[in-house]
Amino acid sequence: MATNQEEVTLIGVVGSPFVCRVQIALKLKGIEYKFVQEDLANKSDLLLKYNPVHKKVPVFVHNEKPISESLVIIEYIDETWKQNPILPSDPYQKAVARFWAKVIDDKIAAPFFRAVFAVNDEKAREKNIEESSEALQSLENELKDKFFGGEEIDFVDIAAVFIAFWIPLVQEVAGFELFTAEKFPKLYDWSQEFLNHSIVMEFVPPREPLFGYFKAKYDSLVSASK
C-alpha cells in the first residue's frame, strides 16, 4: 500500500483506454491515489509541467516524480509496489509480455485508428484493417488460458483493454468490423471474461455516453472531409 508519506497522483481523462490501463494496475496493487481530471481541449499547466514532451495523458506522479506513457507507468508501479505482481518475475516471460503489449499498441491500436480516420480512402482503410487483423490473429494464437496471465489478469491483459472495450465501440461508430466473435472466438471470449472482472468493471467507462462522444467526433470528421 502507498504510505501516508507518499504522494500518488494520476492525471487523466475518463474514456481513455491508456488512462484506464493505469487505473486497473493501481487497483490491482491496492494503491490509493489522487485522480486529476484533465481538459485536453485546454491543457492545464500541471499537464504541461509534468509532460512537456507529449502533452498527453496519462501522467503518473509519485512524490513529485512524473512518468508518462501507460505501459511505462504500469512497469514503474509494478517495480515500486511489489504486492500482486503484474509482470512475470522470469526475465524471458517478462520480455514476452512486453513484446505482446507493444504489438497491441503498434500493430493493433495504431492501424485501427488509421483505419477509422481514413474516411475517404477505402484502400488505406482496408490496408490498416488487414494489419490490425493479422496482429489480432497472432494474439489469438498466443492466448492459452482464461487470461493472458492464466487465472489472473496481467500486463498483457491490461494492455489489451483497448481491444476488449474500445475497438468494438469505435468500429461500430466507423461502420466496419475488425474484432468479432466469429473472427476471433478465443479473444472474444477473453474480452467478455476480462470486462466482467470486478476490477476492470470499476474503471471501464459507461458505453453509451462514450459511444455518443465518438459518434459526434466521427460525424464531424466525415463532414469536414466532404
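Residues numbered from 1 in each chain as written. Predicted model: local features only at pLDDT ≥ 70, side-chain atom pairs only at ≥ 80, totals over all residues. Heavy atoms only, no water.

Description of the nonpolar core
So, step 1. Grouped together as the largest cluster of nonpolar side chains are 59 residues, with contacts concentrated most on Ile24, Ile163, Leu187, Trp190 and Phe194.
So, step 2. With residues up to four places along the chain from it excluded, the contact list for Ile163 reads Ile104, Ile108, Leu136, Leu139, Pro168 and Phe179.
So, step 3. With 19 residues, the next largest nonpolar core counts Leu10, Val13, Val19 and Val36 among its residues. (Core = buried A, V, L, I, M, F, W, Y, C linked by side-chain atoms within 4.5 Å. Buried < 20%, exposed > 50% of the residue type's maximum accessible area, 1.4 Å probe, protein only. Contact = heavy atoms within 4.5 Å.)

Topic: the side chain of Gln23
So, step 1. Along the chain, the position of Gln23 falls in helix α1 (residues 17-29).
So, step 2. When near neighbours in sequence (up to four residues on either side) are disregarded, Gln23 contacts Leu10, Tyr33, Phe35 and Phe203. (Helix = DSSP H or I, 4+ residues; strand = E, 2+ residues; numbered from the N terminus.)

Observations concerning the packing of helix α7 (residues 161-174) against helix α10 (residues 207-225)
So, step 1. It is the contact of α7 with α10, at a shortest axis distance of 9 Å, that shows an interaxial angle of 45°. On the basis of their axis angle, the class for α7 and α10 is oblique. When the axes of α7 and α10 are compared, the crossing they make is right-handed. Note on element contacts: α10 touches α7 through Arg207, Leu210, Phe211, Phe214, Lys215 and Tyr218, opposite Phe165, Trp166, Pro168, Leu169, Val170, Glu172, Val173 and Ala174. (Axes fitted to C-alpha atoms, helices over the stretch in contact; angles between N-to-C directions. Parallel < 35°, antiparallel > 145°, perpendicular 65-115°, else oblique. Left-handed = near helix turned anticlockwise from the far one by under 90°.)

Description of the sheet that holds strand β1 (residues 8-12)
So, step 1. Strand order in this open sheet of four strands is β2-β1-β3-β4, and the pairing throughout is mixed. Every other strand in the sheet has two partners, leaving β2 (34-37) and β4 (65-68) as the edge strands with one partner each. With direction set aside, neighbouring strand axes in the sheet form an average angle of 20°.
So, step 2. Relative to strand β3 (residues 59-62), β1 runs antiparallel, the two being bridged by four bridges. In the sheet register, Leu10 faces β3, and the bridge partner there is Phe60. (Pairing = 2+ DSSP bridges.)

Quick word on unusual backbone geometry
Only a minority of non-glycine residues have a phi that is not negative, and only a minority of peptide bonds are not trans.
So, step 1. A cis amide bond links Val57 with the next residue in sequence, Pro58, at an omega value of 5°.
So, step 2. Turning to its location among the elements, Pro58 is positioned in the loop between α2 (45-50) and β3.
So, step 3. At Asn63, a position not held by glycine, the phi torsion is positive, near 50°.
So, step 4. Topologically, Asn63 is positioned in the loop between β3 and β4.
So, step 5. Residues other than glycine seldom take positive phi values, yet Glu64 does so here, at roughly 70°.
So, step 6. The residue Glu64 is located in the loop between β3 and β4 in this model.
So, step 7. Since its relative accessible area comes to 49%, Glu64 is described here as partly exposed.

A closer look at α1
So, step 1. Given a rise of 1.5 Å per residue, 13 residues ought to cover 18 Å, and the 19 Å separating the end C-alpha atoms of α1 matches this to within 8%.
So, step 2. Burial analysis of α1 places eleven of its 13 residues in the buried class, which makes it a mostly covered element.
So, step 3. Pro17, Val19, Cys20, Arg21, Val22, Gln23, Ile24, Ala25, Leu26, Leu28 and Lys29 are the residues of α1 that are buried.
So, step 4. At the N-terminal end of α1, a side-chain oxygen is found 3.2 Å from the backbone nitrogen of Phe18, two or three residues along, and the residue is Ser16.
So, step 5. The positive-phi residue at the C-terminal boundary of α1 is Gly30, with phi of around 75°. (Expected span 1.5 Å × (residues − 1). Polar contact = N/O pair within 3.5 Å; in protein donor to acceptor, adjacent residues only side chain to side chain.)

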